[in-house]
Amino acid sequence: MGVWAKSLTHDEIWDAVEHHRTVALTGDRIQLKFSLNGHPMSAVCPVKNDREITVSVVGSDHINSVDVLHNNTVIHREFPIPKKTTSSSVKLFLELGWG
């Protein structure tokens, strides 16, 4: 479980839980923040025809995809481009035979 809190104090964490700024994630540690028209998750937003969803996702490993759902239906799927890694030298011992 993750919370979107202003700080890691007891009061701020419980404020985030009370205002439903929480996410459920599985697997590796992931930092997730999103907003709709500049309003953070769980905020009450005024009705507008144009909507802008802002998403920030940081993972401790490669992220395959990020899905945006509306009424439990995927309305957008993003495939982030993995960061390039620097090359390095390695020693490789390879043994072959008829075993």
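All residue numbers here refer to positions counted from 1 along the written sequence of the relevant chain. Under the rules for a predicted model, residues below a pLDDT of 70 receive no local features and side-chain atom pairs below 80 are neither given nor counted, while totals for whole chains, interfaces and linings still include all residues. For the side-chain quantities, the full set of heavy atoms in the structure was used; hydrogens and water were omitted.

**Structural notes on the environment of Trp 4**
- The secondary structure listing takes helices from DSSP runs of H or I that are at least 4 residues long and strands from runs of E that are at least 2 residues long, numbered from the N terminus. With respect to the helices and strands, the residue Trp 4 is situated in the loop between strand 1 (2-3) and helix 1 (10-18).
- Exposure is judged per residue with a 1.4 Å probe applied to protein chains only, and the accessible area is read against the type maximum: over 50% gives exposed, under 20% gives buried, and values in between give partly exposed. Look at Trp 4 and you get partly exposed, because its relative accessible area is 22%.
- For the pair Trp 4 and Pro 40, spaced 36 residues apart in the sequence, the C-alpha separation amounts to 8.9 Å.
- We call two residues contacting when some pair of their heavy atoms lies within 4.5 Å. Excluding residues within four positions of it along the chain, Trp 4 makes contact with Ala 16, Arg 21, Lys 33, Phe 34, Pro 40 and Met 41.

**A few points about the environment of Asp 15**
- By the element assignment, Asp 15 lies in helix 1.
- Sequence-wise, Asp 15 and Val 3 are 12 residues apart; in three dimensions their C-alpha atoms are separated by 9.5 Å.

**Some thoughts on unusual backbone geometry**
- Here Asn 37, not a glycine, exhibits a phi torsion of approximately 50°, which is positive.
- Position of Asn 37 relative to the elements: it lies in the loop between strand 3 (30-36) and strand 4 (39-40).

**Remarks on the confidence of the model for the protein**
- Taken over all residues, the pLDDT of the protein has a mean of 82, while the share at 70 or more is 87%.
- A residue's pLDDT is simply how confident the predictor is in it, with values from 0 to 100. By mean pLDDT, strand 2 (residues 22-23) is the weakest element of the protein at 81, and helix 1 is the strongest at 92.

**Focus on the side chain of Arg 21**
- Checked against the element boundaries, Arg 21 lands in the loop between helix 1 and strand 2.
- The buried category is assigned to Arg 21, whose relative accessible area is 13%.
- Think of a polar contact as two N or O atoms within 3.5 Å of one another; within protein, one of them needs to be a possible hydrogen donor and the other a possible acceptor, and neighboring residues in sequence only count if both atoms come from side chains. A distance of 3.0 Å separates a polar atom in the side chain of Arg 21 from a polar atom in the side chain of Asp 15.
- Residues contacting Arg 21, with those up to four places away along its chain left out, are Gly 2, Val 3, Trp 4, Asp 15, Ala 16, Met 41 and Ser 42.

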